[in-house]
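Commentary on secondary and tertiary structure
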Amino acid sequence: MNHLAYIVPSYALAVLVLIGFSASAWTRMRRAQRRLAAVDPRSRP
Amino acid sequence: MFMVVDATTALGPRKTRSLHRFANPGRFLRVSGRVLPSLAGAALVLTVAGLVWGLFYAPADWQQGDAVRIMYIHVPSAWLGSAGYMAVAVCSVLSLVWRHPLADLAAVEIGPVGAGFTALCLATGSLWGKPMWGAWWVWDARLTSMLVLFFLYLGHIALVRAFDDPQRGYRAGAILALVGVVDLPIIKFSVQWWNTLHQPDSITLTGSPTMYAGMLWPLLVCALGFTFAFAAIVTARLRAAVMERRIRALLMARAQEA
């Protein structure tokens, strides 16, 4: 495979962006769910 | 006693009520909670399948060689950068015209994700441009209009957070988003209006694609996977934002009661 020096950083960046956004959104959502459940017990699933 | 009132309870006419039915934060949390796992699962499967297909199994280009594999990231991120900004603009209209309760939050949460995908498009475009054009960057109409889109996203992100009163920030951000939407047709038609180094579109809504099917299919799978990922990320962020707003409202209500 030629041009690997350009292909590998491209795929690495894509994985970084997708995992970074997904992980931050997931942790933020879980934190908000826990805080809401603590503030308002009726909101527990 | 202070009550946390749902936005839908204050609405009168039946038509308005039916429109705002979809904007009820409680309903949004219920529906999105059911949809999100499927959305995230589909995003994971399609994105991994598309990237593996594009990287290892799709054919190399007879002129560009293996550098064409960057297309499987570059093109979907470009589409989502533009589509994300269009979504911010639609939310801005819903916010300014109908005072849609979720539209402001949606615009705020889409902004950083759209900026991330636009940055990914610019970075991968640069990594593709160097071996093909011999330059990391050229002030080509397509590249420049895409860079302007990235700055519009950054401006929107900064502006909505620049006011002490969030409502003023949302309004200013909505106006900026609507002004900036003029950049989207410029991005789309830049390769037709000007002589650009960037190649013309290989896939259009009206014509048949000018791309070999062995490259088209992994590209479409990647685009679908990236789209589901974008939707899942925005949905999760929006769920968090709705819950954070509810927490603030409950804590303020308690503070006023005390």
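Residues numbered from 1 in each chain as written. Chains lettered and ligands numbered in written order. Predicted model: local features only at pLDDT ≥ 70, side-chain atom pairs only at ≥ 80, totals over all residues.

1. Concerning unusual backbone geometry
Look at A:His3: it is not a glycine, yet its phi comes out positive at around 60°. In this structure, A:His3 sits in the segment before helix H1 (4-39). Notably, B:Arg99 is not glycine yet its phi reads approximately 50°, a positive angle. Inspection of the secondary structure assignment puts B:Arg99 in the loop between helix H3 (71-98) and helix H4 (103-133). (Helix = DSSP H or I, 4+ residues; strand = E, 2+ residues; numbered from the N terminus.)

2. Notes on the packing of helix H5 (residues 141-160) of chain B against helix H6 (residues 166-180) of chain B
All names here are of chain B. Running from amino to carboxyl end, H5 crosses H6 at an angle of 165°, the nearest separation of the two axes being 8 Å. On the basis of their axis angle, the class for H5 and H6 is roughly antiparallel. Seen along the crossing, H5 lies across H6 with a hand that is right-handed. Counting all contacts with H5, which are made through Leu-152, Gly-155, His-156, Leu-159 and Val-160, the residues of H6 involved are Gly-169, Tyr-170, Ala-172, Gly-173, Leu-176, Ala-177 and Gly-180. (Axes fitted to C-alpha atoms, helices over the stretch in contact; angles between N-to-C directions. Parallel < 35°, antiparallel > 145°, perpendicular 65-115°, else oblique. Left-handed = near helix turned anticlockwise from the far one by under 90°. Contact = placed C-beta atoms within 7 Å.)

3. Description of the environment of B:Leu80
Residue and element names in this part refer to chain B. By secondary structure assignment, the location of Leu-80 is in helix H3. Judged by local crowding, Leu-80 falls into the buried class, with 24 C-beta atoms found within 10 Å. In this structure, the C-alpha to C-alpha distance between Leu-80 and Val-234, residues 154 residues apart in sequence, is 12 Å. Residues in contact with Leu-80, not counting those within four places in the same chain, are Phe-117, Phe-226, Thr-227 and Phe-230. (Buried ≥ 20, exposed ≤ 12 C-beta atoms within 10 Å, placed from the backbone.)

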